[in-house]
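Single-letter residue listing:
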Amino acid sequence: MAANLATTAHKSFVRIDRLTKRFGDVAAVDNVSLDIEQGEIFALLGSSGCGKSTLLRMLAGFETPSEGNISLEGESVIGMPPHQRPMNMMFQSYALFPHLTVWENIAFGLKRDGMPRAQIAARVEEMLNMVQLKRYAKRKPHQLSGGQQQRVALARCLAKQPKLLLLDEPLGALDRKLREQTQFELVSIIKSVGVTCVLVTHDQEEAMTMADRIAVMSEGRFIQVGKPHEIYETPNSRFVADFIGKVNLFDGVLAIDEPDHCAIDTPEGRFYVAHGITGTIGMDVSVALRPEKIGLQTEAPTDTSSNAFRGTVVDSGYYGSFSVYRVELAGGRKIQVAITHAERHVELYRRGDALWVTCSAQSLVVLIS
Amino acid sequence: MSTATTLIDKMVDRWGRRLVIGTPYLYLILVFSIPFFVVLKLSVSTSNDGIRFEDLTTFNDWVFNLTASFQKYRFLLQDDLYLNTYGSSLKFATINTLICLFIGYPFAYFMARSPVSMRPVLLMLVSLPFWTSYLLRVYAWRGLLDDSGTVNSLLIWLGAIDEPIKMMHTAFSMTVGMVYTYLPFMILPLYANLVKMDGRLIEAANDLGAGPMRAFWLVTVPLSKNGIIAGSMLVFIPSVGEYVIPELLGGPETLMIGRVLWDEFFANNDWAMASAVAVTMVILILFPLALFNKYQTAAVGRGTA
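Residues numbered from 1 in each chain as written. Chains lettered and ligands numbered in written order. Predicted model: local features only at pLDDT ≥ 70, side-chain atom pairs only at ≥ 80, totals over all residues. Heavy atoms only, no water.

**Brief notes about the overall build of chain A**
And step 1. Within chain A, the regular secondary structure consists of 9 helices and 20 strands.
And step 2. Expressed as lengths along the three principal axes of its C-alpha atoms, the size of chain A is roughly 75 × 45 × 45 Å.
And step 3. Taking all 369 residues of chain A together, 48% fall into the buried category.
And step 4. Relative to all contacts within chain A whose residues are 6 or more apart in sequence, the contacts with residues 24 or more apart total 65%.
And step 5. With the model as given, the accessible surface of chain A reaches about 18,000 Å², and the carbon-plus-sulfur share is 48%.
And step 6. Both charge centroids of chain A, one from 40 positive and one from 42 negative side chains, sit 10 Å from each other. (Helix = DSSP H or I, 4+ residues; strand = E, 2+ residues; numbered from the N terminus. Buried < 20%, exposed > 50% of the residue type's maximum accessible area, 1.4 Å probe, protein only. Contact = heavy atoms within 4.5 Å. Areas by Shrake-Rupley, 256 points an atom, 1.4 Å probe, with all protein chains shown as cover. Lys, Arg positive; Asp, Glu negative; His and termini not counted. Charge placed at Lys NZ, Arg CZ, Asp CG, Glu CD.)

**Considering the interface of chain B and chain A**
And step 1. Opposite the 20 residues of chain B that make contact, chain A presents 24 residues.
And step 2. Both faces considered, chain B and chain A share a buried interface measuring about 1,900 Å² in area, 60% of it formed by carbon and sulfur atoms.
And step 3. There are 1 salt bridge connecting chain B and chain A.
And step 4. Among the salt bridges present, the one from B:Glu203 reaches A:Arg57, with a minimum N-O distance of 2.6 Å.
And step 5. Joining chain B to chain A, the criterion identifies 8 residue pairs in polar contact (both at pLDDT 80 or more). (Buried area = accessible area lost by both parts, 1.4 Å probe. Salt bridge = Lys/Arg side-chain N within 4 Å of Asp/Glu carboxyl O. Polar contact = N/O pair within 3.5 Å; in protein donor to acceptor, adjacent residues only side chain to side chain.)

**Observations concerning the pattern of salt bridges**
And step 1. Applying the stated criterion across every chain yields a total of 25 salt bridges over all chains.
And step 2. Ionic pairing is found between A:Arg213 and A:Glu40, a salt bridge with its closest N-O pair at 2.5 Å. You can see A:Arg213 sitting in strand 9 (residues 213-218) and its partner A:Glu40 sitting in the loop between strand 2 (26-36) and strand 3 (41-45), a full 173 residues away along the chain. Each member of the pair, A:Arg213 as well as A:Glu40, carries the same accessibility label: buried.
And step 3. Residues A:Arg179 and A:Glu206 are paired through a salt bridge, measuring 2.6 Å at the closest nitrogen-oxygen approach. Taken together, the positions of A:Arg179 in helix 6 (residues 176-193) and A:Glu206 in helix 7 (residues 204-210) put the pair 27 residues apart, joining distant regions of the chain. For the pair A:Arg179 and A:Glu206, one class covers both residues: buried.
And step 4. Each of A:Arg57, A:Glu63 and B:Glu203 takes part in one network of salt bridges that share partners.

**Some remarks on the packing of aromatic side chains**
And step 1. Scanning all chains against the criterion turns up 21 aromatic pairs over all chains.
And step 2. Ring geometry for A:Phe239 versus A:Phe243: centroids 5.7 Å apart, planes at 10°, classification stacked. One end of the pair is A:Phe239 and the other is A:Phe243, both in helix 9 (residues 238-243) and 4 residues apart, which spans about a single turn.
And step 3. Residue class for A:Phe243 comes out partly exposed when judged on its relative accessible area of 21%.
And step 4. Among the aromatic residues, those joined into a ring-pair cluster are B:Tyr243, B:Trp262, B:Phe265, B:Phe266 and B:Trp271.
And step 5. Here the basic side chain of A:Arg156 rests over the ring of A:Phe97, its NZ or CZ set 4.7 Å away from the ring centre. (Phe/Tyr/Trp six-rings, centres within 6.5 Å; stacked < 30°, edge-to-face > 60°. Lys NZ or Arg CZ within 6 Å of the ring centre and 35° of its normal.)

**Side note on the sheet that holds strand 4 (residues 67-72) of chain A**
All names here are of chain A.
And step 1. Taken together, the 4 strands give an open sheet; going across it, the order is 2-1-4-5, and neighbouring strands pair in antiparallel fashion. Unpaired on one side and paired on the other, strand 2 and strand 5 (75-76) mark the two borders of the sheet.
And step 2. Sheet topology note: the strand 4/strand 5 ladder contains 2 bridges and is antiparallel. The residue bridging Leu72 from the neighbouring strand is Glu75, located in strand 5. (Pairing = 2+ DSSP bridges.)

**Focus on unusual backbone geometry**
All names here are of chain A.
And step 1. One non-glycine residue, Arg18, adopts positive backbone phi at about 40°.
And step 2. Within the secondary structure, Arg18 sits in strand 1 (residues 14-23).
And step 3. You can call Arg18 exposed: its relative accessible area is 53%.
And step 4. Unlike most non-glycine residues, Gln161 shows phi in positive territory, near 50°.
And step 5. Gln161 sits in the exposed class, given a relative accessible area of 60%.

**As for the nonpolar core**
Residues and elements named next belong to chain A.
And step 1. By size, the foremost hydrophobic cluster in this structure holds 46 residues, and its most contacted members are Ile106, Leu165, Leu167, Ile190 and Ile214.
And step 2. By residue number, the principal contributor to this core is helix 5 (residues 146-158), which donates 6 residues.
And step 3. If sequence neighbours within four positions are ignored, Leu165 has contacts with Asn88, Leu154, Cys157, Leu158, Ile190, Val195, Thr196, Cys197 and Val198.
And step 4. Phe13, Val32, Val77 and Phe97 belong to the second largest nonpolar core, which has 42 residues in total. (Core = buried A, V, L, I, M, F, W, Y, C linked by side-chain atoms within 4.5 Å.)

**Some details on the packing of helix 2 (residues 71-78) of chain B against helix 3 (residues 80-113) of chain B**
All names here are of chain B.
And step 1. Where helix 2 contacts helix 3, the axes come no closer than 5 Å and their chain directions differ by 70°. In this view, helix 2 runs roughly perpendicular relative to helix 3, as classed from their interaxial angle. Residues Phe75, Leu76, Leu77 and Gln78 of helix 2 form the contact with helix 3, whose own contacting residues are Asp80, Tyr82, Leu83 and Tyr86.
And step 2. For the contact of helix 2 with helix 3, the residue count by class is 6 nonpolar, 1 polar and 1 charged. (Axes fitted to C-alpha atoms, helices over the stretch in contact; angles between N-to-C directions. Parallel < 35°, antiparallel > 145°, perpendicular 65-115°, else oblique. Nonpolar A, V, L, I, M, F, W, Y, C, P; charged D, E, K, R; others polar.)

Written out as structure tokens, the structure reads:
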């Protein structure tokens, strides 16, 4: 038994294999493969129309794949109708049954399984306690706030102890303030239950804070799959660098390429980067630089290991915990810089201030595609 | 200057609002309340020839007299004819409503689930019969169902039967005519209700383990309750008092209250009796329905429906 568990844990829990879905001539999901581990929260991130929802609906069984396979614990679920799949979905804007009470909504799936009455009552009770809605059991969905409705939807999904939990834009219907609080709650509930989870979102913050791993999608394909910090700090393409967070991109050509470092010549000057790319000298590449990895100083830097450029402040915005500057470099290129206020007394720059822009070789990433 | 304008604005606003709200009430008073009270008055009046009535109220020597006679109502309750006819009217109206519901629901459901581009065409097909006269369409059924009508001729020609089947002037022909006539009134409110339904609710039911049939009974049907009620009312209420269809397509066993009313008015010239029959019908049928409607609105208001 233990050996059996070990092997299943090693094998991928959910396997998506060369999956394609075409609507007419358009491939909404285009030859996508992915392994999801047991207990993982996996986010499909992309803008609308990138195919993430279609992929989720294929997992739930609402769409039939044109090609490819989906398997759960090594067994294909293709051809299995939604009501037989051991997975439950939390719909965007929740799709709670308006004619049923909170209690009846949560019990709906359990009744379909033919669970004995007493057991249903106990399970619903447990779910209501988990989402702290016991007092609202007799209410109808429209008598609840958005956050409460979201918790009912979650309880309804988890009541059946699904092997896979699917979340479609789980925080999309909530206002900003509630989102931050809810996303931590949601993750802690999912983790405490231990259910494997696939969520779909267009909101990168939602994906980064909630997921263990993210797939960035565009035009039906995965552009990059990785842990949130990998995707943020080591984007594999201009698309991902630009899509996740803010970035300054410099186009240039490869001048030096060694295993542990390289240099890129751009119109703004030469950038030294602390990693090699195994490319050919003279090829077109881009350098990605995040706003928060840039330093500003009035004195010329003495440390020659850093990249340094002259610039002039064009715009500034004070946010309390940090400031955002737009700085025009010598060549006329404007970049964004974010300076964290680590202490109460910090030097604030003004429009027209001439200063030095610095960034270490470790803070830069070279992008080939 | 500005206060004067705001005052005028307020007046316009207030009277404009009264006008807008008042118009439908005025219409209801003119076309419903006044005629109803005229009928009510006739039903309790006394007359020698059935048409000319004595005044209900007299005002002599500062004494106000009200003379109302409930003799017609007593007669109505004593004679089996009236009670049986009320019963048969309710029966045929119920049958008609149920058949319309069973045909109309799948029809409306199909329409609501069809591609958006198809819907105007389907809606037009449903309302197409309204483009010709109702009377003509009912007459057309006679041509179809007669002993020498299209259906019988066809069946004989095919050799399925030797003798024509008696269809005209039976409960069958009347029911066919009623269902045919009232079906659009069932389909349209049901369609309006079903087309608004959020498809994700059905998907949610599927996702939670309900197969397509279960999801239909547990989610679609309860959520279309208001459409079912609206459609059934629109079919049931006019069906009860239907006169033309029983007259043209019905037979001796399909006596309905509309027919009795007509006879009292025009054959027996007993307007008081006819009025009593009409008033009783309103009380018997419309009051419970109105109460039900009110309960339903209250339930919607409380969010329990």
